[in-house]
Amino acid sequence: TAGVVDIQTKTGITSPGLTLSMYGGSWNWLEPSFEYGGRSGPVDWFVTGDFLHNHRGIENPTGSFNAIHDTTNQLHGLAHVSAIIDPDTRLSLILGGFDGQFQIPNNPGQPTLGFAVNGVSRFDSSKLNETQRERTDFAILSVQKHVDTVDLQVSAFARYSSLRFSPDWLGDLLFNGIAQQAVRSDTAYGVQSDGSWRINEQHTLRFGLLAQQETTAANTTSQVLPVDASGSPTTDQPLGIVDNSSRSGGLYGMYVQDEWHILPTVTINGGLRFDAVDQFTHEHQVSPRLNVVWKATPTTTVHAGYSRYFVPPPFELVAPTSIAKFFGTTAAPAVTQDDTVKAERSHYFDAGVSQVVVPGLTVGVDAYYKLSRNLIEIGRASCR
């Protein structure tokens, strides 16, 4: 349920010049791409992009080899520019973008709900025409500075994501009781800073902060049929319902940690983290962290630790819906009660040992115990 991902972009030094390529294959797969890198004095740059077209945009809902209505066209781009200001200062900029258009694949032979819409009561589910467009753009501007025994990085970032779902207005009503055009967008911007101070041979202090403001918008236009007390439509003429909402909020956090080499073979990492969320929910928590690592032998490492976690719900996924607007229609919800989604709070204990068998091969056994609200999770992983 967790992992560490280390992503390093190519640079103008490692990949200079222009590279063009074309990839193709089954399901009408076509993917032209380019890479361009270079360096001029203290400035290094690398840019890449590709276009993807195939008939396998979304997982096939049937067992057939070829999906029905599953074409996708996607654009991906990434740019990285880095400049050395002086021997102790570096400025970098990362830009990225994605724009994808997807057909929603169809599952033939599905039954309708049994009522008519505009005089039509039959529909071939293999002929549905639902589409979705997704877009994400981001920018990160960072400054790295080294001063004596202190290393500091400050980054400003911005991100925009959007999703637009276009229904099959007639088919969705007949199969689902609702046809809804939905547009979701999320804009976030903020600053993050991390630093380390090597106090002496025994202590290294690490610290950081995060402040993020976010705005999410949800706009939907729905078509439904009014129903009577028994749930049967009273007319075959669709009723339009508009439901638009937006909300802004923030995430804030800071931490401090001391890496203490108490003995040549024993390291203790202890620290505190403060997190706060001010969105649909308003919560905060101070989270202690403690981890001990013992280098028992040159090839054997033993570790044990405890962490307190605070994970706010994703802002763009928990927007409330005005369900009262759908009462008395074919889209009336079965559940009418709702609670605000809260942040997950958990205690996490872990212990393990790793053994270097031969250079390049490490075998490890790790066990953890996670206690969250209404959840106890126990697990282990081995061999890596």
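Residues numbered from 1 in each chain as written. Predicted model: local features only at pLDDT ≥ 70, side-chain atom pairs only at ≥ 80, totals over all residues. Heavy atoms only, no water.

Engineer: Let's hear about the overall build of the chain: which residues, and what values?
Structural biologist: What the chain contains, in helices and strands, is 1 helix and 16 strands. For a compact globule of 384 residues, the expected C-alpha radius of gyration is about 21 Å, and the chain comes in at 27 Å, more than 25% above that figure. With 384 residues in all, the chain has 29% of them scored as buried. Summed over all atoms, the accessible surface of the chain reaches about 22,500 Å², with 59% contributed by carbon and sulfur. Positive and negative side-chain charges of the chain, numbering 26 and 37 respectively, have mean locations separated by a distance of 3 Å. (Helix = DSSP H or I, 4+ residues; strand = E, 2+ residues; numbered from the N terminus. Rg over C-alpha atoms; globule rule 2.2 N^0.38 Å. Buried < 20%, exposed > 50% of the residue type's maximum accessible area, 1.4 Å probe, protein only. Areas by Shrake-Rupley, 256 points an atom, 1.4 Å probe, with all protein chains shown as cover. Lys, Arg positive; Asp, Glu negative; His and termini not counted. Charge placed at Lys NZ, Arg CZ, Asp CG, Glu CD.)

Engineer: With reference to specific residues and values, describe the environment of Leu 163.
Structural biologist: Structurally, Leu 163 can be placed in strand β7 (residues 150–166). Judged by relative accessible area, which is 30%, Leu 163 ranks as partly exposed. It is 29 Å that separates the C-alpha atoms of Leu 163 and Lys 10, two residues lying 153 residues apart in sequence.

Engineer: Residue-level account of the packing of aromatic side chains, with values.
Structural biologist: Counting across every chain of the model gives 9 aromatic pairs. With a centroid separation of 6.4 Å and 45° between ring planes, the pair formed by Tyr 36 and Trp 45 is classed as tilted. Judged by centre distance (6.2 Å) and plane angle (50°), the ring pair of Phe 349 and Tyr 369 falls under tilted. Of the two residues, Phe 349 sits in strand β14 (residues 344–358) while Tyr 369 sits in strand β15 (residues 361–372), which places them 20 residues apart along the sequence. What makes Tyr 369 partly exposed here is its relative accessible area of 31%. Just above the ring of Trp 27 sits the side chain of Arg 56; from NZ or CZ to the centre is 4.4 Å. When the ring centre of Tyr 309 is taken as origin, the NZ or CZ atom of Arg 289, which lies over that ring, is 4.6 Å away. (Phe/Tyr/Trp six-rings, centres within 6.5 Å; stacked < 30°, edge-to-face > 60°. Lys NZ or Arg CZ within 6 Å of the ring centre and 35° of its normal.)

Engineer: Please set out helix α1 (residues 169–176) residue by residue, giving values where relevant.
Structural biologist: A turn of α-helix holds 3.6 residues, and therefore any two residues three or four places apart point the same way. Residues of α1 that are buried: Gly 171, Asp 172, Leu 173, Leu 174 and Phe 175. Among the residues trailing α1, Gly 177 stands out with phi positive, at a value near 80°.

Engineer: Any chance you could break down the layout of surface pockets for me, citing the residues and the numbers?
Structural biologist: Empty space within the second largest pocket amounts to approximately 750 Å³. In this structure, the second largest pocket is lined by 30 residues; those nearest its centre are Ile 94, Ile 140, Ser 142, Gln 153 and Ser 155. Within the residue set of the lining of the second largest pocket, elements represented by two or more residues are β4 (72–86), β5 (89–103), β6 (131–147), β7, β8 (179–198), β9 (203–224) and β10 (239–263). Classifying every residue of the lining of the second largest pocket gives 11 nonpolar, 14 polar and 5 charged. (1 Å grid on protein atoms, 1.4 Å probe; cavity = no way out; pocket = protein on both sides within 12 Å on 5 of 7 lines; lining within 4 Å. Points joined across faces, edges and corners; volume = space filled by probe spheres on them. Nonpolar A, V, L, I, M, F, W, Y, C, P; charged D, E, K, R; others polar.)

Engineer: Quick one: what's the story with the nonpolar core, residue by residue and with numbers?
Structural biologist: Counting residues in hydrophobic clusters, the biggest one holds 6 residues: Phe 115, Val 117, Leu 173, Leu 174, Ala 179 and Leu 225. Setting aside residues up to four positions removed in sequence, Leu 225 forms contacts with Phe 115, Ala 116, Val 117, Leu 173, Pro 233, Thr 235, Asp 236, Gln 237, Pro 238, Gly 328, Thr 329 and Thr 330. (Core = buried A, V, L, I, M, F, W, Y, C linked by side-chain atoms within 4.5 Å. Contact = heavy atoms within 4.5 Å.)

Engineer: Run through the confidence of the model for the chain, naming residues and quoting values.
Structural biologist: Overall, the predicted model of the chain reaches an average pLDDT of 92, with 95% of residues at or above 70. By mean pLDDT, strand β16 (residues 375–382) is the weakest element of the chain at 51, and β6 is the strongest at 98. Ignoring residues within four places in sequence, the model shows residues 380–384, a span with pLDDT below 50, making 15 contacts including any to other chains. (pLDDT = per-residue confidence, 0-100.)

Engineer: Before we move on, can you summarise unusual backbone geometry with the specific residues and values?
Structural biologist: The backbone phi angle of His 69 is positive, close to 65°, even though this residue is not glycine. You can see His 69 is positioned in the loop between β3 (43–54) and β4. Positive phi, close to 55°, is recorded for Asp 148, a residue that is not glycine. Topologically, Asp 148 is positioned in the loop between β6 and β7.

Engineer: I'd love a proper account of the pairing of strand β12 (residues 282–297), names of residues and values included.
Structural biologist: Pairing of strand β11 (residues 266–278) with β12, which is carried by 13 bridges, proceeds in the antiparallel orientation. Looking at the pairing, Gly 271 lines up with Arg 289 of β12. Remark: 3 residues form the turn of the hairpin made by β11 and β12, two consecutive strands paired antiparallel. Pairing analysis gives 8 bridges linking β12 to strand β13 (residues 300–311), with the strands arranged antiparallel. (Pairing = 2+ DSSP bridges.)

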